[in-house]
Amino acid sequence: MPLPMIHILNGPNLNLLGRRQPEIYGHETLDDVARDCAALGRDMGVETALFQSNHEGEIVEMIHTARDAARAIVINPGAYSHTSVAILDALNTFDGPVLEVHISNIHKRETFRHHSYVSARADGVIAGCGTLGYQLALRRVAAMLAA
């Protein structure tokens, strides 16, 4: 029997993680996140696949793909959190758990970052825990799938 699949989706500029504003986002790269989540997933009996795009439509397509390929989604929509009804609408077509991750604490930043459209669909939101937030989200969705 195949392991449950969890898709980890990342929005714009996260391809620069570790190089872009490390004082806010830290020094870990997206490859580090993928490696750490894959290792944790194996320990918990789930499989992970990490994707990133700087394009809103591609993220919508990733969510559509997840409908048939994944049991849960962990998503860091980046700046699209605050602007994208299209990503929210796509997430509303997904039947499994969705956890939203933000590396920084968006509530301590500029006012426009305080609202996330994605949060309206998310089963949980993790913000301000650095890249560890991905592992926390992975633990939560794995627990939700096991329940």
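The structure contained in this document is the topic of the report that follows. Computed from a prediction, not measured in an experiment: that's the story for all the values here.

Calculation rules
Residues numbered from 1 in each chain as written. Predicted model: local features only at pLDDT ≥ 70, side-chain atom pairs only at ≥ 80, totals over all residues. Heavy atoms only, no water. Disulfide = S-S within 2.5 Å. Buried < 20%, exposed > 50% of the residue type's maximum accessible area, 1.4 Å probe, protein only. Pairing = 2+ DSSP bridges. Helix = DSSP H or I, 4+ residues; strand = E, 2+ residues; numbered from the N terminus. Axes fitted to C-alpha atoms, helices over the stretch in contact; angles between N-to-C directions. Contact = heavy atoms within 4.5 Å. Salt bridge = Lys/Arg side-chain N within 4 Å of Asp/Glu carboxyl O.

**So, the state of the cysteines**
Applying the stated criterion to the full structure yields zero disulfides. There is no disulfide at cysteine 37, and the cysteine sulfur nearest it, in cysteine 129, is 13 Å away. For cysteine 37, a relative accessible area of 1% puts it in the buried group.

**Brief notes about the sheet that holds strand S2 (residues 47-52)**
Reading across from one edge, S2-S1-S3-S4-S5 is the order of the five strands in this open sheet, with parallel pairing throughout. Edge positions in the open sheet fall to S2 and strand S5 (124-127), since each of these has one partner strand only. In this sheet, neighbouring strand axes are inclined to one another by 20 degrees on average, regardless of whether the strands run parallel or antiparallel. Strand direction decides the pairing type here: strand S3 (residues 72-76) and strand S4 (residues 98-102), joined by three bridges, are parallel. For isoleucine 75, the partnering residue across the bridge sits in S4 and is glutamate 100. Sheet strands touched by helix H3 (residues 56-69): strand S1 (5-10), S2 and S3. Its angle to S1, the strand with the most contacts, is close to 175 degrees. Strand contacts of helix H5 (residues 132-146): S1, S2, S3, S4 and S5, with the helix running at about 160 degrees to S3, the strand carrying the most contacts.

**Description of the pattern of salt bridges**
Evaluation of the coordinates by the stated rule reveals three salt bridges. As a salt-bridge pair, arginine 35 and aspartate 32 come within 3.2 Å of each other at their nearest N and O atoms. Within this pair, arginine 35 and its partner aspartate 32 are both found in helix H2 (residues 30-44), separated by three residues, close to a single helical turn. Between arginine 35 and aspartate 36 there is a salt bridge; the shortest N-O distance is 3.0 Å. Where salt bridges share partners, they join Asp32, Arg35 and Asp36 into one cluster.

**Considerations on the environment of glutamate 100**
By the secondary structure assignment, glutamate 100 is in strand S4. In this structure glutamate 100 comes out as buried when scored by relative accessible area, which is 0%. In this structure glutamate 100 touches Ile75, Pro77, Ser81, Ser116, Val118, Ser119, Ala122, Gly124, Val125 and Ile126, once residues within four positions along its chain are discounted.

**Topic: the side chain of asparagine 76**
Note that asparagine 76 resides in strand S3. Looking at asparagine 76, the relative accessible area reads 4%, which means it is buried. Every residue in contact with asparagine 76, bar those within four places of it in the chain, is listed here: Leu9, Asn10, Gly11, Leu14, Val101, His102, Ile103 and Tyr134.

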